[in-house]
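Now for the letters of each chain:
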Amino acid sequence: MHDMDHRLLSALRDCGSDARVAAAARGLSQAGEHAALWLLAGLAGAAVDRERRGTWLRATALTAAAHLVSMGVKRVVRRPRPGGGPGAQPLVRTAGRHSFPSSHATSAAAATVAYGALSPLGARVVPPLAAAMCVSRMVVGVHYPSDVAAGAALGAVTARVGSSWMNGGRARG
């Protein structure tokens, strides 16, 4: 697993040698810092869809909760971020030095599950944007693929477990 993680990371990091790819990856990484993009999207959904404002706010809270859970797991696991050897310096700064799980991936997957359940537009737009954000974390060199996979699983499970609460106590169909 360790060897595969390093090989995949190296291949994705190589994509960052293209200036356009690097710029897009940096932008996505910055937008996802502290789950900002996903929290703003949820608040926008609450502002636009007044009829389901409470549901949108609970979905936003689930996304934030997933992010906080991932930060707690990071503090327990304490996996260092990928090494910064020659030519492998990260393309972005990070808020912390621990890598597992990826909090960007956690909040992106939680938003995908939560917002996708609320809106056909969300179901079409959020998944590819979330996937791009997850990949961006490897392109910029701050997460291993296993960090991203674990973060995405954690976010999806957190949102799914909270879906009944998100829907006001009604089970999702």
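To keep things clear, this report deals only with the structure shown in the data block. Predicted model only: the values in this text are computed from it and were never measured.

What counts, and where the lines are drawn
- Residues numbered from 1 in each chain as written.
- Predicted model: local features only at pLDDT ≥ 70, side-chain atom pairs only at ≥ 80, totals over all residues.
- Heavy atoms only, no water.
- Salt bridge = Lys/Arg side-chain N within 4 Å of Asp/Glu carboxyl O.
- Helix = DSSP H or I, 4+ residues; strand = E, 2+ residues; numbered from the N terminus.
- Buried < 20%, exposed > 50% of the residue type's maximum accessible area, 1.4 Å probe, protein only.
- Axes fitted to C-alpha atoms, helices over the stretch in contact; angles between N-to-C directions.
- Parallel < 35°, antiparallel > 145°, perpendicular 65-115°, else oblique.
- Contact = heavy atoms within 4.5 Å.
- Nonpolar A, V, L, I, M, F, W, Y, C, P; charged D, E, K, R; others polar.
- 1 Å grid on protein atoms, 1.4 Å probe; cavity = no way out; pocket = protein on both sides within 12 Å on 5 of 7 lines; lining within 4 Å.
- Points joined across faces, edges and corners; volume = space filled by probe spheres on them.

## Quick word on the pattern of salt bridges
Overall, the coordinates contain five salt bridges when judged by the stated rule. Between Arg7 and Asp3 there is a salt bridge, and its shortest N-O distance comes to 3.1 Å. Taken together, the positions of Arg7 and Asp3, both in helix H1 (residues 2–15) and four residues apart, correspond to about one turn of that helix. Overall, the relative accessible area of 54% leaves Arg7 in the exposed class. The partner of Arg52 in a salt bridge is Asp49, with the nearest N and O atoms 2.7 Å apart. Among the residues examined, Arg52 registers a relative accessible area of 30% and is labelled partly exposed.

## Brief notes about the packing of helix H5 (residues 103–118) against helix H6 (residues 120–139)
Interaxial distance between H5 and H6 falls to 8 Å at its minimum, and their mutual angle equals 170°. In terms of their interaxial angle, H5 and H6 are classed as roughly antiparallel. Taken together, the residues of H6 that come into contact with H5 (itself represented by His104, Ala105, Ala108, Ala111, Thr112, Tyr115, Gly116 and Leu118) are Pro120, Gly122, Ala123, Val126, Pro127, Ala130, Met133, Cys134 and Arg137. Here the residues of the contact of H5 with H6 sort into twelve nonpolar, four polar and one charged.

## Comments concerning the layout of surface pockets
In this approach, a probe sized like a water molecule rolls over the atoms, and the result shows the empty space that is left. Space inside the largest pocket adds up to approximately 350 Å³. Lining the largest pocket are 17 residues; nearest its centre among them are Met71, Lys74, Arg81, Ala95 and Gly96. If you list the elements that add at least two residues to the lining of the largest pocket, you get helix H4 (53–77) and H5. With four residues, H4 is the single largest residue contributor to the lining of the largest pocket. When the residues that make up the lining of the largest pocket are grouped by side-chain class, the tally is two nonpolar, eight polar and seven charged. Considered as a void within the structure, the second largest pocket measures approximately 210 Å³ in volume. Looking at the lining of the second largest pocket, the elements that each hand over two or more residues are helix H3 (36–48) and H6. With four residues, the top contributor of residues to the lining of the second largest pocket is H6.

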